[in-house]
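Examining the three-dimensional arrangement
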Amino acid sequence: MSIADLDKKNGILAIVFQEVGKSTAKLGTLVEGDSLADVVGPLGTPTHIEKYGNCVCVGGGIGIAPIHPVAKALKEVGNQVTSIIGARNKELLIMEDESRAACDNLIISTDDGSYGFHGFVTQVLAGILEKGEKVDFIFSVGPVLMMRALARVTLPYKVRTIISLNPIMVDGTGMCGACRVTVGNQTKFACVDGPDFDAHLVDFEELLKRQRMYLKEEKVAMDNFISRMDQSAHHHQSHKPS
Ligand code: FES
């Protein structure tokens, strides 16, 4: 789940989310006019924006949403912005038009080749760097495995690479410690110190392990949610006049 866009004039905050567990599935049941009890924010440290020169924003899957406002902001201060967005297949690719409008050059990739470059966003980025194109700053969000691969691609080129991490968060205000990550051998809380960190300093193995910490509980919560939804669907059906 991520903030995808902000329309200050009309007071609209766009959020993009993928239904992967109970809370997001529940969010998916909302219809126009429904509301959430609370939305808290802004939290954490804002993405640092400055004029770097040539910037590349790399978004994988749902990570396309959070790179969007960053690409926009980088462009606004005069950077040349290339965005690379990718998904498993064409159906899962989001925000193509918005992404194109926000940058100077948009490159699309899909894992299965159903649209754009056949392969991973990290391969597209590797191609750009191998060609010797001047890249001054890279910002990326995506699955942890993708960001780990990306960090490995950019390290030999010593390009400043910032990634936005999404470890499990509970309070989002630095109190519970659930979101702790190790960056440059130091413990950081992604919700207050981040979510942006230097990709070359992140302990990805620990991050992967911690993200899988509640897989069992997440599955139980999802199964319960689905069976409750099924029950209420049957309940409604049986009360329908025939
Ligand atoms: S989410 Fe609790 S400390 Fe970051």
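Everything below is about the structure shown above.
First, a word on scope: everything that follows refers to the structure included in this document. Predicted model, so just to flag it, every value in this text is computed and none were measured.

All right, on to helix α2 (residues 64-76) then. The terminal C-alpha atoms of α2, which comprises 13 residues, lie 18 Å apart, in line with the 18 Å expected from a rise of 1.5 Å per residue. All of the buried residues in α2 are Ile64, Ala65, Pro66, Ile67, His68, Val70, Ala71 and Leu74. Turning to α2, the residues buried within the fold contact β1 (2-7), β2 (12-16), β3 (54-60), β4 (80-87), α3 (96-102) and β7 (137-141).

Here Thr122 is to be found in helix α4 (residues 121-130). A relative accessible area of 9% places Thr122 in the buried class. Other than its neighbours up to four places away in sequence, Thr122 contacts Met146, Ala149, Leu150 and Val153.

Structurally, the position occupied by Val183 is in strand β9 (residues 180-183). On the basis of relative accessible area, Val183 is assigned to the buried category, the value being 8%. Separated by 19 residues in sequence, Val183 and Val202 place their C-alpha atoms 4.5 Å apart. Here Val183 is in contact with Lys188, Phe197, Leu201 and Val202, once residues within four sequence places are set aside.

With that out of the way, let us pick up the packing of α4 against helix α5 (residues 144-154). Following both chains from N to C, one finds α4 and α5 inclined at 10 degrees, their axes separated by 9 Å at the closest point. Taken together, the axes of α4 and α5 are roughly parallel relative to one another. Residues Val121, Thr122, Leu125, Ala126 and Leu129 of α4 pack against Met146, Ala149, Leu150, Val153 and Thr154 of α5. Of the residues assigned to the contact of α4 with α5, the class counts are 8 nonpolar, 2 polar and no charged.

What follows concerns the sheet that holds strand β11 (residues 196-198). Adjacent strands of a sheet form backbone hydrogen bonds with each other and so pair up, either parallel or antiparallel. With respect to topology, 7 strands assemble into an open sheet ordered β6-β5-β4-β3-β7-β8-β11, the strand pairing being mixed. The open sheet terminates on both sides in strands that have one partner only, identified here as β6 (117-118) and β11. One ladder, built from 3 bridges, connects strand β8 (residues 160-164) with β11; its direction is antiparallel. Bridging across to β11, Ile162 finds its partner in Asp198. Of the strands in this sheet, β3, β7 and β8 are in contact with α5, which crosses β7 at around 165 degrees.

Right, let's talk about the packing of aromatic side chains for a bit. Per the stated rule, a full pass over the model turns up 1 aromatic pair. With a centroid separation of 3.9 Å and 0 degrees between ring planes, the pair formed by Tyr52 and Phe137 is classed as stacked. Remark: Phe137 occurs in strand β7 and Tyr52 occurs in the loop between α1 (22-27) and β3; sequence separation between them is 85 residues. We note that Tyr52, like Phe137, is buried. The lysine or arginine in question, Lys90, covers the ring of Tyr115, its NZ or CZ lying 4.7 Å from the ring centre.

The residue Leu6 is located in strand β1 in this model. Note: C-alpha distance between Leu6 and Ala233 (227 residues apart in sequence) is 36 Å. When sequence neighbours within four positions are dropped, the list of residues in contact with Leu6 reads Ile12, Leu13 and Lys72.

As a further point, take the pairing of β8. Of all the 5 residues making up β8, 4 are buried; the element is thus mostly covered by neighbouring parts of the structure. The handedness of the β7 to β8 crossover, carried by α5, is right-handed.

Of all 7 residues in β3, 6 are buried, a share of seventy percent or more. In the sheet, β3 pairs with β4 via 7 bridges, with the strands oriented parallel. Bridged to Gly60 within β4 is Gly86. What joins β3 to β4 is α2, and the crossover it makes is right-handed. The sheet contact formed by β3 and β7 spans 5 bridges and is parallel. When the bridges of β7 are listed, Cys55 appears paired with Phe137.

Here is what the cut-offs are and how they apply
- Residues numbered from 1 in each chain as written.
- Predicted model: local features only at pLDDT ≥ 70, side-chain atom pairs only at ≥ 80, totals over all residues.
- Heavy atoms only, no water.
- Helix = DSSP H or I, 4+ residues; strand = E, 2+ residues; numbered from the N terminus.
- Expected span 1.5 Å × (residues − 1).
- Buried < 20%, exposed > 50% of the residue type's maximum accessible area, 1.4 Å probe, protein only.
- Contact = heavy atoms within 4.5 Å.
- Axes fitted to C-alpha atoms, helices over the stretch in contact; angles between N-to-C directions.
- Parallel < 35°, antiparallel > 145°, perpendicular 65-115°, else oblique.
- Nonpolar A, V, L, I, M, F, W, Y, C, P; charged D, E, K, R; others polar.
- Pairing = 2+ DSSP bridges.
- Phe/Tyr/Trp six-rings, centres within 6.5 Å; stacked < 30°, edge-to-face > 60°.
- Lys NZ or Arg CZ within 6 Å of the ring centre and 35° of its normal.
- Right-handed = clockwise from strand over helix to strand, strands pointing away.

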